[in-house]
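Letter by letter, the chains look like this.
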Amino acid sequence: MVNAVGLYGKKLVEIRPIFPNRVLNLLHYCPMSDINLCVIKLARLLFGEVVEHVVSCLAQKGGAPLRDIIQRSKLSKDEVKNSLCILLQHDLIDYTLSNTNGYLYRLKIDRILLCNRYPRYIYASKFLFGDIAELIVEEILLNGQIIKNELLDQIKSRLADIVEKDNTPPDPTEVDTAFDELARNNFIIEVGGGRMLVKSEVEQVDKMTPTTNNKPSEEVSTPKKGNKRQRSEDIPSAPVSKRLHLEEGTNEINYMMIVEVIGKKYDSIAAAIMRSMLELDANPQESDIITNAVRLKEIKSHLPKEVNVTKSILEEYLTILYEDKQLNTGDPDILHIFSEIVKRTLECLVQQRFGSNFGRIFRIIVHKKSLEQKKICDMAMLPSKDAKAILYTLMVEKFIRMQEIPRSLDCVASKTFHLFSLDILDTCTVVLSRSYKAIANSIIRRDWEVNSNRQREMRLLDKSERLKTMKKSVLANTDGNVSIDETIRELEESITPIESQQLKILREKFDR
Amino acid sequence: MNNIDSDFSLVDLEKKILTLCQSHPKGLTDSILQDEMPNVNVEQRVSALNRLLSAGNLDLFKSDSQLIYKLKDPDLVSKNAICENTQEKLVYQVIGDAGNKGIWSRDIRLKCNLQMTQLNKILRNLESKKLIKAVKSVTASKKKLYMLFNLDPDISVTGGAWYSDQDFESEFVEVLNQQCYRCLVQKVEESLNLCVNQPRISLNNSFASSEEVWKIITNLKISKVTLTVTDIETILNTLIYDGKAEMKIESDPDGQEFKLYRAVKPIIDASGLEKTPCGICPVIDQCYENGAISPATCIYMKEWLES
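Residues numbered from 1 in each chain as written. Chains lettered and ligands numbered in written order. Predicted model: local features only at pLDDT ≥ 70, side-chain atom pairs only at ≥ 80, totals over all residues. Heavy atoms only, no water.

Considering the overall build of chain B
Here is step 1: When helices and strands are counted, chain B shows 14 helices and eleven strands.
Here is step 2: For chain B, the residues scored as buried account for 36% of the 307 residues in total.
Here is step 3: Counting only contacts in chain B whose residues sit at least 6 apart along the sequence, the fraction spanning at least 24 positions is 48%.
Here is step 4: For chain B, the accessible surface area stands at approximately 18700 Å², while carbon and sulfur atoms represent 50% of it. (Helix = DSSP H or I, 4+ residues; strand = E, 2+ residues; numbered from the N terminus. Buried < 20%, exposed > 50% of the residue type's maximum accessible area, 1.4 Å probe, protein only. Contact = heavy atoms within 4.5 Å. Areas by Shrake-Rupley, 256 points an atom, 1.4 Å probe, with all protein chains shown as cover.)

Structure (structure tokens):
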């Protein structure tokens, strides 16, 4: 991460960015059932039940043409088209021309799963560029892609609403500044075409019938990032729309994680130095492996004003970071620090899920790679029985694995080494797959809670209406009966104070 | 008269052989014997050696296709004399050979080729004569290991400072673990207070050597048994595996390496997964929408939402 280059007097610091293509995609190793369930439930959470059906069809089939989606989902043609339109607008599907079935729509699974990180993208933008940037990012994520002017207008109107409540004067130039700041830092990118284009794409795909030479009757262009020139040539009048650059957002989240880790291990000054170094590497080119080296002087001048350190102290901090073999901050490859963070996260997860003794044994295996049961028990300084139970529980839960190495040809158990080891990739896959299932389960539970609440509210409203009618009928049949007040009181008492409070809230909601 | 002479000369010969054995602790070979006693013929030498071997004064070894005669431990010889018969002697020898690591009765049986009942009787006899003792191993509490009465069991048998009567003292280890951690935390705090605005010096001062920790723990007098620096290092290593400490190895100007430990805070607080019930759910694999175990009706989720 931090690599001192050259002589002491001319110390330069190199930073390498995270390149998405260098990071192994764990999704290929996760069970598809868990991923699909998560993807479907995320679609439901973000866009509702209709889109969920469409996504479900696509997830089951891998890719499907429009007529298949309509047939399988049992939705109307318009509903399916609208759903596809929404998914296209949010860049969650793409389509390819098939030889037999016309256009095949495919889910962008990786991209849909990134929807889980929306709150973190919003937080990152707020942390880096302020509150207005947060509003802008929120609005873009809400719309998938949006034309600049439309976006700025919406933000300004939202700001005006906030101002009405807080009584602070609005400053419309701040919105433009925040937008420019986001664009300059590559957080927002142009996708061209705008929302109207997305709609037109679905229309065109729908109208298109495969011709004999298997080419579409009309050329349809997919919205691609950074394809502005080509787009503007095709449709000169189309307004340019903006989309959040999720790779940049992901990088930023990762950088924030590094800074946080450094802050926890050392102090806020070390964290600020790391942040400055990462910020100085503002626009890393994906093709470059090593970014531009940063001078000590540059880091010093880039540090926030509140971090007041002398050159010698700064050098000391840089040396500390460079010499850190635990976090691998001295390694020029940034992926090594991430692999350390991943290991620590897994250790933390095991400890919090099973207890401190499990954490200890898991760490031993992480540190020592491959060990026999007896050796692990000795190192853990735990009663042998407990240590064995922990080892086998971890193995059953697929956090560690056991390898049998026979010492004789007949593979007798007594003459076989039983080595416990850890494959970080396998363990990460187990955790990731559980995470996806947990997300899906949370969404299912949320929907269930909402539905049951709605039913409860409906029952409450019914009850209140019935009581009202009963009260009316009692009042209509008074005939000078003395016990009428008592009957009404009894009727009123049948609604508990909590129920009446809920009714009040419900009525307020309906009034709005 | 001749017989008496020959007997006398045989006893003399035996004494001479024993003296020679004492002067050759690595053992005597036939060639040495021949050189040292050129007047003695082979038959006389053989009969003298046989007598010494049967009396248990000598041990016979084979090395590089030649026989070596070594003097037996006199203590062993005297104790051998107490043994009633050759079988007892054999068992006693086998147990003696095992040293302070002891030997399992099954292994004795295999080595001596004796019946289990017979062996048990012999072992009981030897135990009653206080020639051998039975020791329980920490690795297998039901397994009796036999060793000579005067020997102290090896650390692999007793388990060292962490075992008392074959039971692992987990509480003792836990107390030591906490005390060591406290020492390291104090060291970090002291270095932070002393070295303000000197990050590197502060960091280096926050490391404590295992000897430093050992001294502090010894002064605290929390242990009834004497702990060594290696014992403390074992405990400090458990702190590393608990994620509470880190270690670095440095060498002094003489090139001798020493271990330095430092208390660290966890860099990852908690991942979001284990905060949810699904993160720690034991039956998540059987959990499906509308299934017998379902997220909609999950009691753990209910408790979580209500808490």
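Some words on the side chain of A:K41
Here is step 1: Along the chain, the position of A:K41 falls in helix α1 (residues 32-47).
Here is step 2: Dropping the residues within four chain positions of it, A:K41 is found in contact with A:E52, A:A440, A:I443, A:I444 and B:E289.

Some words on the packing of helix α13 (residues 268-280) of chain A against helix α15 (residues 311-323) of chain A
Describing two packed helices takes the angle between their axes plus the distance from one axis to the other.
All names here are of chain A.
Here is step 1: For the pair α13 and α15, the least separation of the axes is 10 Å and the interaxial angle reads 85°. Taken together, the axes of α13 and α15 are roughly perpendicular relative to one another. Counted together, I269, A270, I273, M274 and M277 of α13 and L314, Y317, L318 and L321 of α15 form the full contact between these two elements.
Here is step 2: Residues of the contact of α13 with α15, tallied by class, amount to nine nonpolar, no polar and no charged. (Axes fitted to C-alpha atoms, helices over the stretch in contact; angles between N-to-C directions. Parallel < 35°, antiparallel > 145°, perpendicular 65-115°, else oblique. Nonpolar A, V, L, I, M, F, W, Y, C, P; charged D, E, K, R; others polar.)

Thoughts on the interface of chain B and chain A
Here is step 1: Facing the 49 residues of chain B at the interface are 45 residues of chain A.
Here is step 2: Summed over both partners, the interface of chain B with chain A comes to about 4000 Å²; 63% of that surface belongs to carbon and sulfur atoms.
Here is step 3: Sorting the residues of chain B by area buried against chain A places B:R200, B:Y241 and B:I267 first, and these three jointly supply 21% of that buried surface.
Here is step 4: The interface formed by chain B and chain A includes five salt bridges.
Here is step 5: In this structure, B:R200 engages A:E323 in a salt bridge whose closest nitrogen and oxygen atoms are separated by 2.8 Å. (Buried area = accessible area lost by both parts, 1.4 Å probe. Salt bridge = Lys/Arg side-chain N within 4 Å of Asp/Glu carboxyl O.)

Brief notes about the pairing of strand β4 (residues 93-98) of chain A
Here is step 1: Here six bridges tie β4(A) to strand β5 (residues 102-107) of chain A, and the two strands are oriented antiparallel to one another. Paired with A:D94 across the two strands is A:R106, which belongs to β5(A). (Pairing = 2+ DSSP bridges.)

A look at the sheet that holds strand β3 (residues 63-64) of chain A
To summarise the sheet geometry, strands pair through backbone hydrogen bonds and adopt either a parallel or an antiparallel arrangement.
Here is step 1: The strand order across the open sheet built from three strands is β3-β5-β4 (chain A), with neighbouring strands paired in antiparallel fashion. Looking along the sheet, the strands with just one partner apiece sit at the ends: β3 and β4 of chain A.

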